[in-house]
Amino acid sequence: MSAPRTENIRLAELVAALSYAADLGLGQPMAHCMRQTVIALRLAELAGATEAEREATYYLGLMFNAYCHADAAEQASWFGDDIALKSDGFEMLGMNTAQLAAFLVRRVGGHGSGFSRARRLAGFPRSSIKRVMEFLTTHARLSAQFAEQIGLDQVAVESFRDGYEQWDGKGVPQGLRGTEITLPARVVQLAGPVEVYSRRHGPQRTREAVLRHRGADFDPAVVDLFCGYEADVLDGLDEAGGWRAIVDAEPCLARRVGGADLDHVLEAMADLADLKSPQFAGHSRGVAAVAAAAAGLWQLSDTDVQVVRRAGLLHGLGRLGVSNSIWDKSGPLDVVVRIGGAGVCRTDLHIVEGQWEAVQHPRLPYVLGHENAGWVHAVGDGVTNVAVGDTVILHPQPSCGLCLACRAGDDMHCANAFFPGLSDNDGGMAEYLRTSARACVKLDPGTDPADVAALADAGITAYHAVRKAVPLLPPGTTAVVQGAGGLGHIGIQCLRALTAARIIVVDRNLDALKLAEQIGADETVLADGDQVESVRDLTGGTGAHVVFDYVAEQGAEMDGWNMTAPNGSYFVIGYGGELRIPTLDIISTERNIVGNIVGTYSDLTELMVLAQAGRVTLHTQKYPLDKAVDALHDLDAGKVRGRAILVP
Ligand SMILES: [Zn+2]
Ligand SMILES: [Zn+2]
């Protein structure tokens, strides 16, 4: 007895459904891939294909183009509308080399503003052919992988891999020649363009076009078969290429999948749909998981939960039919910044080590870099506060401006924020970064972004804590700064600029203490084990009114607490350690513990006023962008003096 229908689906039906999605992505009417499959099967038959070859031809015909959208986002950045490109691409069959070059250049130059068009045109001829070849190599690799995943045999997998090889050896990825290329690949290569060209231009011009490419792109024997039997090959395509006819045309045993195998095929289809744009990575599987969980809570039966999950996996296939010039369209408040400097931060090391997993669940890979400054390169329609060419430093967390936290000026607790280089969005260790108008602080045009980039995170964080503590530090009070490194040395300068408090600096490193004296410390204390006693001695036995702890790990956190005077405040800025304090101790002394995370937009603007006036300066060590990994290693090994800055 056969299993229930939902548990046992024809592979041909799944693949035929996928071919509709590929039609959409190619800008072709529905059933283009099915009709190309019929043409290919007829040619394979005429060429005396074996049973295994006919089966491979069938699956290749239906699915060969399923991965043509794999780099649609990049295609769209070069060519504008990625789907229109592919639809027009079939016309290339009728072109000679000069016409082909003109076609590609016209496509590259055909969209965007004058400036971006000129830039693309300048960049294109150099790398054009190479890029197109890379696209094709990716498509071939992914579709061969898919063929393997859904359990097709070796002949089929090889045929998928050979899809972009060329009879004359000029194809990719291996430069195979002649009959080194599998027969299924040779017939499908011809069948695709023949389907489109014969529909658009009729049989006579199709014959002329394929003959022009005989022995170059196409197997001369297959071209001759087509020309000899053209009427038979193209006869009755509409009926033969219909859904039922195609599913029934599956050669050999009708393959069926069910159970966990079916789930694997559906997952592969979900991943394929999500390749459409980087922003969809993992989306279909995520939707499926959420929907299945909801169905479970609703106490649907296990079978129904499974159906809901599978529907979630497939819900996004239709996205392939929409151009990436729409999916990847920027929002009205988007700003693209050409990076002038990106700070390398201990947080980057923590992300690499996986410490942020618990808080942000970042989906790797993405580009690091959250301390960014540069020049505005492009702006969305609604941007009014900056213009192309402006020098800017970027608040690390673009915020929405509409939630209650934003309205209170508390950017870090925005309900709709993202954090390039830390959440799933690409950061600034790159030539360009996408951020929003609300994150941009305009700078004096003469500022070198690389000199100030680290103020965007290290600086703003150090400043934010000091700024909050200003009301607690009138003249006559004492502040302790624990840790005079990257953040601490900025904190000292901010205290000097904003308050008249006496500043005591504690650090393990004598050089750091020497620097602290030069930039504003009144007293310095070497952290040699007696630092709590020393601070108590310097404060008449009571401790400091405010302690800024830029270390807060490896025991420094308890020292910081113990240096805090009754009714004083302990500001935690560094992280990694753990505080264990009897609650009796907290209430009896009325000491406060204050958390600090990055800072607000106005903190950053105020800090930039101090920086541009020379009242807060930053020690930096510059690395070219392609030495990013060296910079991370140097930071990890404690070899960076001041802040490492990557300069593209
Ligand atoms: Zn940072
Ligand atoms: Zn908000």
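Scroll up to find the structure this text is about.
The shown structure was predicted, so the numbers you read here are calculated from the model rather than taken from an experiment. (Residues numbered from 1 in each chain as written. Chains lettered and ligands numbered in written order. Predicted model: local features only at pLDDT ≥ 70, side-chain atom pairs only at ≥ 80, totals over all residues. Heavy atoms only, no water.)

S.K.: I'd like a description of the packing of aromatic side chains, backed by residues and values.
M.R.: Going through the model one piece at a time under the given rule, you end up with 4 aromatic pairs. Ring geometry for Y58 and Y59: centres 5.3 Å apart, planes at 80°, overall edge-to-face. Taken individually, Y58 and Y59 each receive the classification buried, so the pair is uniform in this respect. With 4.8 Å between their ring centres and 40° between their planes, F64 and Y164 make a pair best called tilted. (Phe/Tyr/Trp six-rings, centres within 6.5 Å; stacked < 30°, edge-to-face > 60°. Buried < 20%, exposed > 50% of the residue type's maximum accessible area, 1.4 Å probe, protein only.)

S.K.: Tell me what's going on with the packing of helix α9 (residues 183–212) against helix α10 (residues 220–234), and back it up with residues and numbers.
M.R.: Contact geometry of α9 with α10 gives a least axis separation of 11 Å together with a crossing angle of 65°. Pair α9 / α10 crosses with right-handed handedness. Listed contacts from α10 to R186, V187, L190, V194, S198, P203, T206, R207, V210 and L211 of α9 are V222, V223, F226, C227, E230 and L234. Split into classes, the residues belonging to the contact of α9 with α10 amount to 11 nonpolar, 2 polar and 3 charged. (Axes fitted to C-alpha atoms, helices over the stretch in contact; angles between N-to-C directions. Helix = DSSP H or I, 4+ residues; strand = E, 2+ residues; numbered from the N terminus. Left-handed = near helix turned anticlockwise from the far one by under 90°. Contact = heavy atoms within 4.5 Å. Nonpolar A, V, L, I, M, F, W, Y, C, P; charged D, E, K, R; others polar.)

S.K.: Explain the coordination of the zinc ion (ligand 1) residue by residue, including any values.
M.R.: Around the zinc ion (ligand 1), the protein supplies C345 (SG), H370 (NE2), E371 (OE) and D457 (OD) as donor atoms, at distances of 1.9 to 2.4 Å. Coordination geometry of the zinc ion (ligand 1): the 4 donor atoms subtend angles of 90 to 130° at the metal centre, consistent with an arrangement described as tetrahedral. (Donors = N, O, S within 2.8 Å, 3.2 Å for Na, K, Ca; no water. Tetrahedral: all angles 85-135°; square planar, octahedral: opposite > 155°, others 65-115°.)

S.K.: With reference to specific residues and values, describe the pairing of strand β11 (residues 544–549).
M.R.: Most of β11 sits inside the fold, with 5 of its 6 residues counted as buried. Both strand β8 (residues 478–482) and β11 contribute to a ladder of 4 bridges, which runs parallel. In the sheet register, Q482 faces β11, and the bridge partner there is D549. The pairing of β11 with strand β12 (residues 564–572) spans 5 bridges and is classified as parallel. In the strand pairing of β12, D549 is matched with V572. The parallel pair β11 and β12, bridged by helix α25 (residues 556–562), forms a crossover whose chirality is right-handed. (Pairing = 2+ DSSP bridges. Right-handed = clockwise from strand over helix to strand, strands pointing away.)

By themselves, these figures tell us nothing about what the structure is for.
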